[in-house]
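Fold and geometry: a report
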Amino acid sequence: MDETAGAAARAAELRGLIEYHSRRYYDLDDPEISDAEFDGLVRDLRALEEAHPDLVTPDSPTQKVGGSVSTAFSEVRHRMPMMSLDNAFSFDELVAWGKRMERYIDGDVDFVCELKIDGIAISLLYEDGRYVRAATRGNGVVGEDVTDNVRTIAVVPDRLSVPPDRTPAVLEVRGEIYMPLSAFEDLNERRGQAGERLFANPRNSAAGSLRQKDPRVTASRELAFFAYQLGEITGDGAPRFRRHSETLEFLTEAGLPVNPEIRRVTTMHDVDGFCRHWLEHRHSLDYEIDGAVVKVDDLAQRMELGATSKSPRWAIAYKFPAEQATTLLKDVMVSIGRTGKATPFAMLEPVQVSGSTVQLATLHNEDQVAKKDVRPGDTVFVRKAGDVIPEVVGPVLSKRPADLAEWLFPETCPVCGEPLVRVEGESDTFCTNVECPAQRAGRIGHFAGRGAMDIEGLGEKRVMQLIDAGLLHDPADLYSLTYGDLIALEGFADLSVRNLLAAIEASKGRPLANLLIGLSIRHLGGRGAEVLAGAMGHLDRIVAATEDELAAVEGVGPTIAHSVAEFFALDTNVAMVDRLRQAGLNFEGAVGGEPELPRTLGGKALVVTGTLESMSRDAAADAIKARGGTSPGSVSRKTAWLVAGAEPGAAKVAKAAEYGVPVIDEPTFLRVLETGQP
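Conventions and cut-offs
Chains are numbered independently. Their residues run from 1 in the order of the written sequence. Local features in this predicted model are restricted to residues of pLDDT 70 or higher, and side-chain atom pairs are both shown and tallied only at a pLDDT of 80 or more, whereas totals for entire chains, interfaces and linings draw on every residue. Values shown for side chains rest on all heavy atoms present in the structure; no hydrogens or waters enter the calculation. Pairing between strands is defined by DSSP: at least two bridges between the two strands are required. Numbering of helices and strands runs from the N terminus; a helix is a DSSP stretch of H or I covering at least four residues, while a strand is a stretch of E covering at least two. Note on definitions: angles span 0 to 180 degrees between N-to-C directions of axes, and those axes are lines fitted to C-alpha atoms, for helices only across the stretch in contact. Two helices crossing with the near one rotated counterclockwise from the far one by less than a right angle form a left-handed crossing, whereas a clockwise rotation gives a right-handed crossing. Residue contacts are defined here by distance: any two heavy atoms, one from each residue, within 4.5 Å place the two residues in contact. Ten residues, namely Ala, Val, Leu, Ile, Met, Phe, Trp, Tyr, Cys and Pro, are considered nonpolar, four, namely Asp, Glu, Lys and Arg, are considered charged, and the remaining ones, Gly among them, are considered polar. Any Lys or Arg side-chain nitrogen located within 4 Å of an Asp or Glu carboxyl oxygen qualifies as a salt bridge. Accessibility here uses a 1.4 Å probe with only protein chains present; expressed as a share of the type maximum, an area under 20% marks a residue as buried, one over 50% as exposed, and anything in between as partly exposed. When the centres of two rings from Phe, Tyr and Trp lie within 6.5 Å, Trp using its six-membered ring, the rings pair. Their planes under 30 degrees apart give stacked, over 60 give edge-to-face, and anything left gives tilted. Every helix has an expected span of 1.5 Å times one less than the residues it contains. Any residue with relative accessible area above 30% and no salt bridge may belong to a patch, with like charges joined within 9 Å and the nonpolar Val, Leu, Ile, Met, Phe, Trp and Tyr side chains within 5 Å. Per-residue and other accessible areas follow the Shrake-Rupley method at a 1.4 Å probe size, with only the shown protein chains counted as cover for residues. Here Asp and Glu are counted as negative and Lys and Arg as positive; His is not counted, and neither are the chain ends. Charge placement uses NZ in Lys and CZ in Arg. For Asp and Glu, CG and CD serve respectively. Cysteine sulfur atoms that pair up within 2.5 Å are treated as a disulfide.

**Focus on the pairing of strand β5 (residues 130-136)**
Pairing geometry for strand β4 (residues 120-127) and β5, over 6 bridges, is antiparallel. Note on β5: the bridge partner recorded for leucine 125 is arginine 133. The antiparallel hairpin formed by β4 and β5 contains 2 residues in its connecting segment, where aspartate 128 sits at a positive phi of about 55°.

Put into structure tokens, the structure is as follows:
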């Protein structure tokens, strides 16, 4: 086969795949591949057509918009075509688009940056201020009539709130219908309890909810809407606009919801700052975004630029790295944690998600595996949201092999072989053997971790090496280690031995709260440990306290009290505490809590960025909170000061400049902590 014939065959194959997956996505709301995988198919076809222009056909997916139109709804012909956007997948591609804008049109170019909501494009039609119709985008020319369903969405007004003399005779509004993350979680929770299949993602659930034949079902799904564009506008009273940003202001005045995170900027540098900020903070929102949309603001310049057969030249979508992909679920295994908790996890065919290779993903607990109905051999959706541990979202049922066996939770511990027991009234299952090697390793590793005794140089691999060498059985054994014990082990040299022994010695002076955290008492976290240490004043008092006495401590409660009392009722744990005492660890806490610091920052929000010399970022946040302030992760209009150390985040500094938030250096920050004033 020659090169031309091979290219034609590949183009035909790609068109078939794109049409198939487009139908599953747009029409059936039941995708088999992730958005990123679909985008990859389209990019491959576009590149092939650019290399071989003779292969371009009018019906190619690169020349068309969206999906087909379902026969389940009446057809609506759009008064103006609803086009799709070209995509940029890197900032270089975005800059190239921006330079084209500046080259093709007269005058300076201003841009409007918007969040790309992951939902369903919709057209709303108002006549004389009254809502009369809603239609999906469909194929861009013809969509589906979903008027009654959209009427049930609370934020879509039945009547525009504009004076009669400014009310257009016809106003078409374009926007996105989406499902908030909180509503999505509630919906899947209800579906799981009813034994129904879970939705894979909020976009999938929003599409399925919008296309219900019974509007009452749509009404129960808590859909929402953001307007982002004017379509047709006619009538003597219709306002005239010069800029897109002015149209958004009008839509807001008319009572239509417009996303608050829209920015008008003047340079591509500002565009970059907007995109980078939301790439970092996308998970602070109660809705999913999969990128940003950048538009030319001047409407006359838009007319100069025009459009291709499917996309306007004056706008582009900057797509964020995908957080969801499909891959093969090879097996479901169970890990045993430090408290004995048995957690199922998925072994996956390696797949790229959010810029990293994922091979393992959590399945949480027995109920979640059953609810998601994932089975070894399934093709599954895998999601990694930000820095969260990857999780399996659910199976692609259309790809499930026939007679694939359901996975059953094991009855015995995969490490020690002892029984696994599910706690009554809870979803968690536990290994009952406290001497289980997996639990032992987890407890020692946790004890040495940063949140507890912070023993530098004692990571998971070192802990396992020392356990295998017979040197560690519980955390107290750490304080019996000698130079001779360690120097004989592979990977240890004089300096590393001395450093580890020094770190172990330094840990003896850690606060009582850190020691309590390190003991791996179930349900006892950092805040509870601090409260107990402050209220009881000494570990011996905590060990001797009854469950009722512990529960009486404000901030502890019956669940933590029961766990603490149960922990210290075991002779092995009491014996370990005695060995820790003999080793010289700090058992004392300040009675009544630490001395309260002056509330110099009462009610003020300080954001910290970059590296500080005098303290870590976590310590800076603690210092702010101890003085009555808050330390959120992002800059807002309510931020009092942005504390900038070495190499501060450019997006945070840019956002501070935009909001007029003062930026202070480290010496000024220390003065603010002391006095409340810079």
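Here the narrative resumes, following the displayed structure.
**Quick word on the packing of helix α3 (residues 91-104) against helix α9 (residues 268-281)**
Here α3 crosses α9 at 145°, and the two axes come no closer than 11 Å. The crossing of α3 and α9 is right-handed. The residues of α9 that touch α3, namely those facing Phe91, Leu94, Val95 and Gly98, are Met268, Val271, Asp272, Cys275 and Arg276. Classifying every residue of the contact of α3 with α9 gives 6 nonpolar, 1 polar and 2 charged.

**Some thoughts on the sheet that holds strand β20 (residues 639-644)**
Pairing between the strands of a sheet is mediated by backbone hydrogen bonds and can be parallel or antiparallel. Taken in spatial order, the 3 strands make up an open sheet running β19-β20-β21, and their pairing is parallel. Looking at strand neighbours, the two that pair on one side only are β19 (605-609) and β21 (663-664), the edges of this open sheet. In this structure, β20 lies alongside β21, joined through 2 bridges in parallel fashion. Residue pairing across strands places leucine 642 opposite valine 663, the latter belonging to β21.

**Here's the deal with the pattern of salt bridges**
A full pass over the atoms with the stated rule returns 33 salt bridges. Glutamate 127 is the salt-bridge partner of arginine 79, the closest N and O atoms lying 3.6 Å from each other. With arginine 79 in the loop between β1 (75-77) and β2 (86-88) and glutamate 127 in strand β4, this residue pair connects regions lying 48 residues apart in the sequence. The exposure class of arginine 79 is partly exposed, given its relative accessible area of 42%. By relative accessible area, glutamate 127 is classed as partly exposed at 34%. In this structure, arginine 581 engages aspartate 578 in a salt bridge whose closest nitrogen and oxygen atoms are separated by 2.7 Å. Taken together, the residues span about one helical turn, with arginine 581 and aspartate 578 both in helix α21 (residues 571-583) at a distance of 3 residues. A relative accessible area of 30% places aspartate 578 in the partly exposed class. A cluster of three or more residues bridged by salt bridges with shared partners is formed by Asp110, Arg243, Arg264 and Asp297.

**Some remarks on the packing of aromatic side chains**
As enumerated under the stated definition, the model contains 10 aromatic pairs in all. Each ring, one from tryptophan 407 and one from phenylalanine 409, has its centre 5.7 Å from the other, and the planes form 75°; the classification is edge-to-face. Considered together, tryptophan 407 and phenylalanine 409 belong to a single accessibility category, that of buried residues. Seen from their ring centres, phenylalanine 447 and tyrosine 479 are 6.3 Å apart, and the 80° between their planes marks the pair as edge-to-face. Linking phenylalanine 447 in helix α12 (residues 437-448) with tyrosine 479 in the loop between α13 (460-468) and α14 (483-487), this pair joins segments that are 32 residues apart in sequence.

**Structural notes on α12**
Look at α12: 17 Å from first C-alpha to last across 12 residues, which is about the 16 Å you get at 1.5 Å a residue. Turning to α12, its buried residues are Ala438, Gln439, Arg440, Ala441, Arg443, Ile444, Phe447 and Ala448. Where α12 is buried, its residues meet β12 (324-336), β18 (429-431), α13, α16 (512-518) and α21.

**Quick notes on a negative patch on the surface**
Together, Glu185, Asp186, Glu222 and Asp286 make up a region of like negative charge exposed at the surface. Here glutamate 185 shows up in helix α5 (residues 181-193). Judged by its relative accessible area of 53%, glutamate 185 falls in the exposed class.

**Brief notes about the state of the cysteines**
Following the criterion strictly, the structure yields 0 disulfides and no others. Here cysteine 275 is not cross-linked by a disulfide; its sulfur's nearest cysteine counterpart is in cysteine 113, at 5.9 Å. You can call cysteine 275 buried: its relative accessible area is 1%. Its sulfur unpaired, cysteine 436 is 3.9 Å from the next cysteine sulfur, which belongs to cysteine 413. Judged by relative accessible area, which is 0%, cysteine 436 ranks as buried.

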